[in-house]
Amino acid sequence: MVIDAATSFPQRVSGMPGETIRMRNGAVYINGKEVDQNPFQRIEYPDNRKGLKVPEGSYFLLGDNRPNIEDSRFVGAVNRSDIECKVGNIITKADYDNGKRR
């Protein structure tokens with residue numbers, strides 16, 4: 001997600017065009033079904049919001065540090081043209097601690 005020309009934030013695409021996203025106590029629901037999130041992704045927080053249908057040509061983005069980031073929960077769905085790239089590799093803290101750097 002790009003906030004301005006000098007700032008960008010990596011976030012996960014959590015909702016595709018046409019899907020309805022709802023959140024309750026850290027759980028993410030897509031079209032009424034809870035998304036299976038591993039412990040790295042699920043962060044407990046009291047964020048209960050009404051469902052939002054993602055418009056065509058847009059995506060619902062969530063940051064990993066949800067209690068401390070403004071993502072689609074606050075700025076709404078993001079147009080495809082504002083998404084810059086795809087992350088090819090994710091390294092968890094456990095990976096990093098075990099010597100994996102890339």
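Residues numbered from 1 in each chain as written. Predicted model: local features only at pLDDT ≥ 70, side-chain atom pairs only at ≥ 80, totals over all residues. Heavy atoms only, no water.

(A) Spotlight on the side chain of Ser-72. Looking at where Ser-72 falls in the secondary structure, it is placed in helix H1 (residues 72-75). A polar contact of 2.8 Å, which involves the side chain of Ser-72, links it to the backbone nitrogen of Leu-61. (Helix = DSSP H or I, 4+ residues; strand = E, 2+ residues; numbered from the N terminus. Polar contact = N/O pair within 3.5 Å; in protein donor to acceptor, adjacent residues only side chain to side chain.)

(B) Main features of the sheet that holds strand S8 (residues 58-62). Pairing in this open sheet of three strands is antiparallel, and the strands run S3-S8-S9 from one edge to the other. Both edges of this open sheet fall to strand S3 (12-15) and strand S9 (78-79), since each of them pairs with a single strand only. With three bridges connecting them, S3 and S8 associate as antiparallel partners. Note that in S8 the partner of Gly-15 across the bridge is Phe-60. (Pairing = 2+ DSSP bridges.)

(C) Here's a closer look at the sheet that holds strand S5 (residues 27-30). Pairing is antiparallel across the open sheet formed by four strands, whose spatial order is S6-S5-S4-S7. Pairing within the sheet leaves two strands with one partner each, and these edge strands are strand S6 (33-34) and strand S7 (49-53). Here strand S4 (residues 20-24) pairs with S5 via four bridges, running antiparallel. Pairing of Arg-24 across the sheet is with Ala-27, part of S5.

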